[in-house]
Structure formats: C-alpha cells, structure tokens
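Chain residues, written in single-letter form:
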Amino acid sequence: MKAKNLITRIGLCLGTAALLLPARADITVKGSDTMVILAQKWAEVYMANNPSIKIQVTGGGTGTGFAALQNQQTDLCNASRKIRAKEIETCIRAFGKRPTEYRVALDGLSVYVNAENPVSELTVEQLELIFTAKIRNWKELGGPDLPITVYSRENSSGTYEFFKEHVLQGKDFAASAQTMPGTAAVLQAVAKDPKGIGYGGAAYGAGAKHLNIKKDEASPAFEPTEENVVNGAYPISRHLFIYVNPALDKGDVANYLKWIRSDEGQAVVKDVGYFPLPANLRR
Amino acid sequence: MGIQRGHRARPLEWLAERVIFTISLSAIMLILLIFIFVGREALPIFLGRMDSALIQETIPPERMNELDPEELRVYLDLSPRQFAGMDRDTLQMLMEVRQEALEEIPPEQLNDPDAHANTTAWRYLLFPHQWSDYDRPRYIWQPIGNIHKYNIVPLIVGSLKTTLIGLFFAVPISVGAAIYVSQLARPRVREIAKPTIELLSGIPSVVVGFFALLVMASVFQAVFQYETRLNAFVAGIALGFAVIPVVFSIAEDALTSVPRSYTQGALALGSSKWQAAWHIVLPAALPGVFAAVVLGFGRAIGETMIVLMVCSASVMSWSIFDSARSITTTIAAEMAEAVAGGHHYRMLFMLGAVLFAVTFVANLVGDIVIHRLKRKLEGRS
C-alpha cells in the first residue's frame, strides 16, 4: 500500500516535470560555437524586455545545429557558414521544406602576427601562399630572416572553412599548420611566437598585431575596423546566419528574429564585438 | 543459486543476487550496444558504399518526368517508405538541391581529375595519393573542403607516436616508483607517497593539457631548441602524466601482492633489500607489471583532451619534434561539424572502430603475454 503510494507520487512528480520542462524554453537556439556569446547576449536582452518569453541557447557547432534543426529539436540554428546542399537535402527529407536563411551579423577576420614583427600589411594572395606553405620565410615578405610558423584552427570551425574557401581559394592548409582549439588560443600562440601568423575574429584583439589587408597588389591596405568591414573595403569578412524551419517562423520566433535584425538587436552585435549588418541587408 | 549451505536462500538474498546479475548484464549489454552502434554507423565505409566524389552524376530537375518512380527513388537515395510519404513538390525540391550542389562547385575544379574520385575508397584511405596541387604522392587528412582527403595513416601514426612517447616517459618512472614504494620505502614514506602519486589521476586531463600548452611547451622549447613549439614530444610527456598514476597503481598492487616470504627468504640468504626487490619480487610480479603497462597504453591511446590541446596538425612524420594528430583528437574535434549520416561522419565512426580494434588487439596480446608469464612463473610452461 505504502509502496504503491510512493510509486504514484514519483510518477506524478516525473509527469509534472516532463510537462513543465519543455514549457520552460519557448525558443530554443542551437549551433555555432562562434556565435554562442552573441546569441546568449541577444537572448538576455530580449528576455529582459519580454519577460514572458524564455530563450535557451546552446552551442555545439554549426553542424550540430543543423542536425538539431533537421530533427526539429531546435527552433533556430546559429551558423557561422552557409548551409550546404547536403544539409538542405536532409532538411527537406525531415520536414519537406528548405530552411529559411537570415543574415544576422557581420564578422571580419583578422590576420594576427607577433607584436615584434615588422610586417604590417599583406595581400590576400600572399596570405594564400603563406598558409599553403609556398612562402616559408618572413624575409620574402620584407620581415626578418625567420621561418614562418602557421597557426590555424580546428577544421570543425566555421572560421577555418571560411578562410580556406575565401583566402586559400579552396586549397589545403599546409600540413605543418598548427591547429589550435580556439581563436583565443591562436592569439595566445602568436603573441608568444615571433615567427607566428594566425587568423581569427576581428573582435579578438589584445596580445598580437592585426595586419592590414590588401585585396591585391594595386589596392590600398585596410585595417579591420567596423567601418571598413561594414562598407566592404576590408577584404576578409563573412556573414553570420540564423536558419529556421519555415513552419516555425511565426509568432514569438518570428518576432525574435525580427528584433535581432532591428537596430536594437544590431546594437547588441556591436557590444559583443562583431559588426552590425549594413541597412540594406536587414530586409 | 549461490547461497545454499544448509539453509534455503532467503527471498531478499535471492532478490539481491538477481539485481546484481541484472546490473552486470546490463553493463555488458551497454558495451555491446556501443560496439554495434559504432559498427553500424561505420559499415558503409567498410563496405565501400559511400561516395564522396565532388562531382556526382546529376539529373536535371526538368527531366524528372522521364524517370520512372523506382529510378527516381534510387537516384534520390530514399527508402521506399520515405519515397511514398513525399509529394511531387518535395521530390522536385530534392532534385533542385542536387543540381544546386553541382552549381556550387567552382569552375576550376570541374576539370580536376580528383573531383570524380570517391575518396572514401580504401586505396585513398591507406595509401599516398598525388592530389592536384601537390608535387608528389602524400598522406593527407583534410576532410573539409571540396575534395575530401581522408587518409587515415597520419592519424594512426600520430596516435602511436604520442602514445609511445608517453609510455617511454611514464613506464620507467611509474614502475620505478612502484618498486620503491612497495619494497624499499619506510612505512611513513609509503603512506605519503602512494596516495600522492595516485592523486595525479584526479587531475582532469584538460588541466594537464592546459599546463602542457602554456608551461611545458615553452620550457621544452627553451631546452631543446626545436622549431615547432607545440609538437608530439610535449603531448607525449603530458600524456605520460596521465598514464603514470594508472601504471603506478596497478604495478604497486602487483608488487605488494608478491608473498612477503619471498623477500624474507632472500634477505635471510644474505641479499640486500635492493637485490631482493630487483631479482626476486619484480620477476615474480612481472605479469601484473605488464598488465599495468598494457592498461597504461590503453589509457594513453584513448586520451583525447591532452593531445587535442597541445598539438593537432595532421603531419605525416615519425619525428617526435613534429606535430601529430591522434585518432581521438580527430573524432572529438570534427564530430560536431560533420553532417550527420554524411561521409565525414561515417569516416569518424570508422576511425572509432579502428581505435577499438587497436586497443582490443593490444589488450588481447597483453592478456596472452600475461598468461604465458604466469604459467612460466608457476613452472607449468
């Protein structure tokens, strides 16, 4: 009798918990690790203004985010790269529609070198040659006679992929490139290594020198500042995206997405260290 | 029924026995399920059913009407049930996506001979291949990009390289420490030394990795003056720190469990404490010490975080001062971004299966050697 009572109680508790848990997060966001801080900040500010809405943000990587989007375990998927055809295909299989793409922020990629390095500007082509190990010594670039140590990111990083596609023109990174677990680690390594060169978000700064980048030999070099990134003069920049299942893109989710691309949401982007979208891309 | 000495098993005891039995059975089942899961996900690679070629044969969506349903189903790679559940628009959309995938390919790569290669075939996985852009055949692991280069040899070499460095560093130290603590040290020293060394195993490997990344790497570079700051040597030594407590703990147990009378006999015959430990106790405990080393190997090759933090460039080189990328690192770092069910995803599961095979063989060989040694020691060989 007693035991039965207990079991019923436990059952009741679990039942209520199961009912309450999903209700607690009205909007779930999952995906890119690069965007976790940004997404959390958005959620924080939005929830402060709209106390009735709960937003839950998790990282895990862009690919993980797309997998969750397909399985309909998340409402929004943060992505630091464009969705691949293969992923669109699995989405169509899962819910019969293409996910809707929203650009939500701009990110400039900086190239860092050690503060002692006299080299201060490079062309995109020179970067390609350095990161594919065709140029191996700083003296070929007007620097000291030292071999170049290349610091790169893990190949799961959206930054890695972007750099490979847009700077290396799809060629492979040198096998000797050191892969670091995060942008902070790249920066740290370059700050310690006078021979080093690395890349990462422009928002990260302290400790190393950001190079000015030229599109080609003839064009002027640009610093990765907000102005240069937003007006497109700085040659290495990318968009950050949010993908959503079109069937869910209504009500609270749609309002949230709209807010993210409003002036208020874009102000948060600036706070976190990325760059706001130019007005013509906000739709 | 275990308990039947003169009285009938009590219901509670019977129940306890059943519960324990079920728990142990479920543990075995769980391990089995994991193997089955890993194996199932990796199977298409083993059977050569994946195709990772950049340029796939594509049928333009306009020609959809010319295909009969079965052809269309096979082309879109759908199961009959999925196919039946889709309306025409969805199928049309799937065909368009295929077309888009083809159009995304940069024009200069359309003529690349590698663009048609199915890089998940075994000859690409195990043997060097001369990719366009390269001057000679090479072993290359570059899974991200238009042409997915999946050569697993650098990863296997990386795993073995770091593991062996770790063992060469850790085994002499930990076996030496075990001999000292179990045979030579005064009881007071033993009481402090043993738990202290075992405490090492409580340090999370992330912390060891972080320490190696920031401190050890700089110190070693200052000492050895090698070129790459983060390399297999640093990772191996850091791995050694993770392995030491495992090897020490088991070796110490093995040495302590050698009957005291062995030592006493040797001492009575006039040997020194050191001679008794080295010539009598260590040989008697050899199977246990060997088992400790085998377990240490398993720990080192399965360790992920340390190698991930310290070095992870997939260089094909046996030099200990070059970087290395281990199998575990690869799985941990790349799984999050792999398209679920895609070839990269399956390739990572295949690596998991390879890793399992390596540790399984190592444990098996270790076990056989231990049994041989035991039989020899007991005079039954």
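Residues numbered from 1 in each chain as written. Chains lettered and ligands numbered in written order. Predicted model: local features only at pLDDT ≥ 70, side-chain atom pairs only at ≥ 80, totals over all residues.

Some points on the overall build of chain B
Next up, step 1: Along its length, chain B carries 15 helices and two strands.
Next up, step 2: Projected onto its principal axes, the C-alpha coordinates of chain B cover approximately 95 × 70 × 40 Å.
Next up, step 3: Expressed as a percentage of the 381 residues in chain B, the buried residues total 36%.
Next up, step 4: A fraction of 76% describes how many contacts in chain B between residues 6 or more apart in sequence connect residues 24 or more apart. (Helix = DSSP H or I, 4+ residues; strand = E, 2+ residues; numbered from the N terminus. Buried ≥ 20, exposed ≤ 12 C-beta atoms within 10 Å, placed from the backbone. Contact = placed C-beta atoms within 7 Å.)

Brief notes about the overall build of chain A
Next up, step 1: From N to C terminus, chain A includes 10 helices and 12 strands.
Next up, step 2: Projected onto its principal axes, the C-alpha coordinates of chain A cover approximately 85 × 45 × 35 Å.
Next up, step 3: Relative to its full complement of 283 residues, chain A shows a buried share of 46%.
Next up, step 4: Sequence-distant contacts, at least 24 apart, represent 69% of the contacts inside chain A between residues at least 6 apart.

Looking at the nonpolar core
Residue and element names in this part refer to chain B.
Next up, step 1: Formed by 160 residues in total, the largest nonpolar core has its most connected members in Val234, Ala235, Ala238, Val247, Ala251, Ile306 and Val310.
Next up, step 2: In terms of residues, this core owes the most to one element, helix α10 (residues 232–256), which gives 18 residues.
Next up, step 3: The contacts of alanine 235, once residues within four sequence positions are left out, are Thr162, Ile306, Val307, Val310, Cys311 and Ala324. (Core = buried A, V, L, I, M, F, W, Y, C linked by C-beta atoms within 7 Å.)

Details of the sheet that holds strand β11 (residues 221–222) of chain A
Residue and element names in this part refer to chain A.
Next up, step 1: Pairing is mixed across the open sheet formed by three strands, whose spatial order is β5-β10-β11. Edge positions in the sheet fall to β5 (121–123) and β11, since each has one partner strand and no second.
Next up, step 2: Two elements, β5 and strand β10 (residues 212–214), share three bridges in a ladder whose sense is parallel. Paired with threonine 123 across the strands is lysine 214, a residue of β10.
Next up, step 3: Running over the sheet, helix α5 (residues 124–131) touches β5 and β10 and is turned about 85° from β5. (Pairing = 2+ DSSP bridges. Axes fitted to C-alpha atoms, helices over the stretch in contact; angles between N-to-C directions.)

Quick notes on the pairing of strand β12 (residues 237–244) of chain A
All names here are of chain A.
Next up, step 1: Of all the eight residues making up β12, six are buried; the element is thus mostly covered by neighbouring parts of the structure.
Next up, step 2: Examined bridge by bridge, strand β3 (residues 76–79) and β12 share four bridges and lie antiparallel to one another. Each residue of the ladder has a partner; that of cysteine 77, found in β12, is tyrosine 243.
Next up, step 3: By the bridge criterion, eight bridges tie strand β4 (residues 100–113) to β12 in an arrangement that is antiparallel.

Focus on the domain arrangement of chain B
Next up, step 1: Taken domain by domain, chain B consists of domain 1 (6–46), domain 2 (56–104) and domain 3 (153–377).
Next up, step 2: Centre-to-centre, using C-alpha coordinates, domain 2 of chain B lies 52 Å away from domain 3 of chain B. (Domains from an automatic or database assignment.)

Description of the interface of chain A and chain B
Next up, step 1: Contacts between the two partners involve 34 residues from chain A and, on the opposite side, 36 residues from chain B.
Next up, step 2: Considering each element in turn, the side of chain A that touches chain B owes the most residues, seven residues, to helix α4 (residues 85–95) of chain A.

Brief notes about the confidence of the model for chain B
Next up, step 1: Mean pLDDT over chain B: 86, with 97% of residues reaching 70 or higher.
Next up, step 2: Confidence, read as mean pLDDT per element, is least for helix α5 (residues 107–110) of chain B in chain B (76) and greatest for helix α7 (residues 153–184) of chain B (93). (pLDDT = per-residue confidence, 0-100.)

Some details on helix α8 (residues 187–199) of chain B
An α-helix turns once every 3.6 residues. As a result, residues three or four positions apart point the same way.
Next up, step 1: Taking 1.5 Å of rise per residue, the 13 residues of α8(B) would be expected to cover 18 Å, and the 18 Å separating its terminal C-alpha atoms lies within 8% of that figure.
Next up, step 2: The buried fraction of α8(B) is low, at zero of 13 residues. (Expected span 1.5 Å × (residues − 1).)

Concerning the domain arrangement of chain A
Next up, step 1: Each assigned domain of chain A is listed with its residue range as follows: domain 1 (11–107 + 239–281) and domain 2 (110–235).
Next up, step 2: When grouped by side-chain class, the residues that make up the side of domain 1 of chain A that touches domain 2 of chain A number five nonpolar, six polar and two charged. (Nonpolar A, V, L, I, M, F, W, Y, C, P; charged D, E, K, R; others polar.)

Digging into α4(A)
Next up, step 1: Within α4(A), the full set of buried residues consists of Glu87(A), Ile88(A), Glu89(A), Thr90(A), Cys91(A) and Ile92(A).
Next up, step 2: Close packing links the buried residues of α4(A) with α3 (62–70) of chain A together with α4 (88–104) of chain B.
Next up, step 3: Phi for Gly96(A), located one or two positions after α4(A), is positive at around 75°.

Description of the pairing of strand β6 (residues 149–153) of chain A
All names here are of chain A.
Next up, step 1: Counting buried positions along β6 gives five out of five residues, so the element sits mostly inside the fold.
Next up, step 2: Covered by surrounding structure in β6 are Thr149, Tyr151 and Arg153 together with Val150 and Ser152, the residues of both alternating faces.
Next up, step 3: Bridge count for β6 against strand β8 (residues 196–201) is two bridges, and the pairing is parallel. Paired with threonine 149 across the two strands is glycine 196, which belongs to β8.
Next up, step 4: Pairing analysis gives three bridges linking β6 to strand β7 (residues 178–180), with the strands arranged parallel. Counterpart to arginine 153 in the pairing with β7 is methionine 180.
Next up, step 5: As a crossover connection, the stretch from β6 through helix α6 (residues 158–166) into β7 is right-handed. (Right-handed = clockwise from strand over helix to strand, strands pointing away.)

Quick notes on unusual backbone geometry
Leave glycine aside and you will find that most residues have negative phi; peptide bonds, for their part, are mostly trans.
Next up, step 1: Phi angles above zero are rare outside glycine, and Gln169(A) is one such case at about 55°.
Next up, step 2: Overall, the presence of 13 C-beta atoms within 10 Å leaves Gln169(A) in the partly exposed class.
Next up, step 3: Positive phi, close to 60°, is recorded for Gln225(B), a residue that is not glycine.
Next up, step 4: Its place among the elements puts Gln225(B) in the loop between α9 (205–224) and α10.

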